Structure formats: structure tokens, C-alpha cells
Amino acid sequence: MPNTPTSNVDKQRWMSEIPDLDRLRLTELIWPGTHNSGMDKKASNYEVVLGNWTTCQNDSFAWQLANGARAFDLRLGYRTGTPQGTFYFHHNGYTSQRVLGELIDAVNDFSERNPDEFILLDFHQLRDGDQHFDFQQFNDLLVQRLGPRAIAPEDEDKTLGQLKAASNKRRVIIAASGSVELDMAVFWPRIRHYWSGTRLTNASELRQHIARTLDTRRYDDLWSLTATSYSFLGGPVDIKQHINDWFHSSRDWVTRCSVISTDFFDESQIVGYCWVANAMKAVQRRA
């Protein structure tokens, strides 16, 4: 097996092992992210033909965390029920059997074992089409079960070291918008996604989109670069070699990103390259 950045790092605690990472702010981190995180091949309703178009990851939230993902692109719908409804994950109208409780359990379990890993929950879409969404119940569930781990939006300018000194539990950013019922002391503003603008994007078009985005962005905040490619017949295109080339540690693209959101993230070396890029940033801050 060739020596790669990924082979040299413990993916379960790669943030914890970067010297001087505590000098960086949350908005300065480079986050390996999973696109449409709740749609994976191990969900109980996965079906090969339809799943070829709707599925974007290989395994569950817990598995994604264990394999190095730290930012999650989440699309949530709501189904009424008695006494409470169900929050489920979906992609363009196709539902997953994954539910919000699984994500919360995965984050809590992982954080208990790895207390100095930071996680970004990017609830990019709260609704499934025109269906009703219970924002109050969503808010109450997140505040109750993840509130003690949530980093307040007002702390966005603190370094990781300052956050660790202030609390041994608060390691999770929860970002969402869309209703006054969301507790703004817990929820960060909706994170802007930069994608190609078309559902069908080949590798060449994606490269142009990434280059254009990185050349025009000048903001020091959290934002998400959607680095995905789709074809008419095949759904998500296998671009892991392109990802490995474009975001290689020897190039400057990776260090200019915030969240890098990819399909089947584990098939590329993106976690390793983010690890190296964050380490480089931390060293520069020390100097």
C-alpha cells in the first residue's frame, strides 16, 4: 500500500493529533465533508438501481465519523405521527430510512470517545418539498439531546484552544435556518453552499467551478464547496482521482477551502489532505 497522508493518521481522532491546531478558529479549519450525508448504501431501504441516483455515501453517520468526516450536509424531512412525528433524511424527494435520532446517537457516541474532535452539522434543507416541517419539535429535540455539546454562534471567533478551555463537551456546530422557532443561542446561520448550479456536471465543468469559486471568495466564514459530478445515466461520477489531484497537499486549493463536500468521501484521500492542510495552517499561525 503506498504511503499517503491518510495512511499516517488515526481517522477517528485526526483533529486531536494535529500539533498547534488549538491556535486556529473554527472558521479557519478545513473540514472534510460528506455530501447528502443521510443517503448511504447501508440504509435498510437501499436499492441498487434507484440508489445509483439517490445515494451519496457508503455507510452510516457513525461510520462516516469513524472514517474522518467532520462536516455533514443534511437534508431533513418530517412525517407526522403519534405521539410525535419522524424526522427522516432525503435527497431530491427520495427518502432514506435514516432518521434524525441515528445522527444524534452517532454524534453523542463518537464525541464521548473522542472529546476533542469538532463536528459540523449543516442542516442545509429542513423540509421535503411542500410537506409540513415541525420546526419547534426539531428545535426541542436538538437542544435537548445535543445542546450540552453545541458551540454557541457567539463563540465563532474563539480559537479551538479557547473553546476547549471553556468546556470539555462543546464541540458541535449546529447550523440551520428557516424559522423563528429555532433557538439562535444554539443554531448557527445557514451555511452557504457553492455548487456548479446544474445537476449534470462533468469533471471538467466541476474543475472550472471550483477554480472560479476559490478565485472569487474573500470571506472569513464557514462555507461549503460541493465537489461532486453527475452524469445523466450513471448518477454520481467516480472522480476520486480528480479529488486526489485537485486537493493534493502540494497544491493550494485545499488550504483555500472551508468545507469540502464530496460523494463517497472515503474513496478519495480528502481526509488526509485536510489533515495536512490544517497542520500547515497551524504551523503558520505558530510562526
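Everything below is about the structure shown above.
Definitions and limits used
Residues numbered from 1 in each chain as written. Predicted model: local features only at pLDDT ≥ 70, side-chain atom pairs only at ≥ 80, totals over all residues. Heavy atoms only, no water. Helix = DSSP H or I, 4+ residues; strand = E, 2+ residues; numbered from the N terminus. Expected span 1.5 Å × (residues − 1). Contact = heavy atoms within 4.5 Å. Buried < 20%, exposed > 50% of the residue type's maximum accessible area, 1.4 Å probe, protein only. Pairing = 2+ DSSP bridges. Core = buried A, V, L, I, M, F, W, Y, C linked by side-chain atoms within 4.5 Å. Phe/Tyr/Trp six-rings, centres within 6.5 Å; stacked < 30°, edge-to-face > 60°. Polar contact = N/O pair within 3.5 Å; in protein donor to acceptor, adjacent residues only side chain to side chain.

Student: Give a detailed account of helix α8 (residues 270–286), specifying residues and quantitative values.
Tutor: Residues lying three or four places apart along an α-helix face the same way, a consequence of the helix completing one turn every 3.6 residues. With 17 residues, α8 should cover 24 Å at 1.5 Å per step; its first-to-last C-alpha distance of 24 Å lies within 8% of that length. Looking at the buried residues of α8, the elements they touch are β1 (31–34), α7 (240–246) and β12 (259–262).

Student: Which residues make up the environment of I173, and what values go with them?
Tutor: Within the element layout of this structure, I173 appears in strand β6 (residues 172–175). Relative accessible area serves as the criterion here: at 0%, I173 is assigned to the buried category. Between the C-alpha atoms of I173 and D220, which are 47 residues apart in sequence, the distance is 16 Å. Beyond its immediate chain neighbours, meaning those up to four positions away, I173 contacts L26, W31, I119, L120, L121, I151, W188 and L222.

Student: Requested: an account of the pairing of β6, with residues and values cited.
Tutor: What you see with β6 is no split at all: V172 and I174 on one side and I173 and A175 on the other are buried throughout. By the bridge criterion, four bridges tie strand β5 (residues 119–126) to β6 in an arrangement that is parallel. Looking at the pairing, L121 lines up with I174 of β6. Pairing analysis gives two bridges linking β6 to strand β7 (residues 187–188), with the strands arranged parallel. By the bridge assignment, A175 is partnered in β7 with W188.

Student: Lay out the nonpolar core with the relevant residues and their values.
Tutor: Ranked by size, the top nonpolar core spans 77 residues in total, and within it L26, W31, L100, L121, F123, F138 and F247 carry the most contacts. Once residues lying within four places of it in the same chain are set aside, the contact partners of F123 are L74, L76, L100, L103, F138, L142, I174, A175 and A176.

Student: Please provide a residue-by-residue account of the packing of aromatic side chains, values included.
Tutor: Inspection of the entire model under this criterion finds 13 aromatic pairs. Both rings, one in Y78 and one in F133, keep their centres 6.4 Å apart while their planes meet at 65°; by these two values the pair is edge-to-face. Here F133 lies in the loop between β5 and α4 (135–146) and Y78 lies in strand β2 (residues 71–79), a separation of 55 residues in the sequence. Overall, the relative accessible area of 7% leaves Y78 in the buried class. Since its relative accessible area comes to 2%, F133 is described here as buried. Taking 5.4 Å as the distance between ring centres and 80° as the angle between the ring planes, the aromatic pair formed by Y194 and W223 counts as edge-to-face. Here W223 lies in strand β9 (residues 223–226) and Y194 lies in strand β8 (residues 192–194), a separation of 29 residues in the sequence. Judged by relative accessible area, which is 4%, W223 ranks as buried.

Student: Lay out helix α6 (residues 203–216) with the relevant residues and their values.
Tutor: Across its 14 residues, α6 extends 20 Å between first and last C-alpha, which sits within 8% of the 20 Å expected from 1.5 Å per residue. Buried within α6 are the following residues: A203, L206, H209, I210, A211, T213 and L214. Each element contacted by the buried residues of α6 is listed here: β8, β9 and α7. N-capping of α6 is provided by N202, with a side-chain oxygen placed 3.1 Å from the backbone N of S204.

Student: Hey, could you go over the environment of I260 for me, with residue numbers and the actual values?
Tutor: Within the element layout of this structure, I260 appears in strand β12. Its relative accessible area of 0% is what places I260 among the buried residues. Distance in space between the C-alpha atoms of I260 and T226 is 6.5 Å, their sequence separation being 34 residues.

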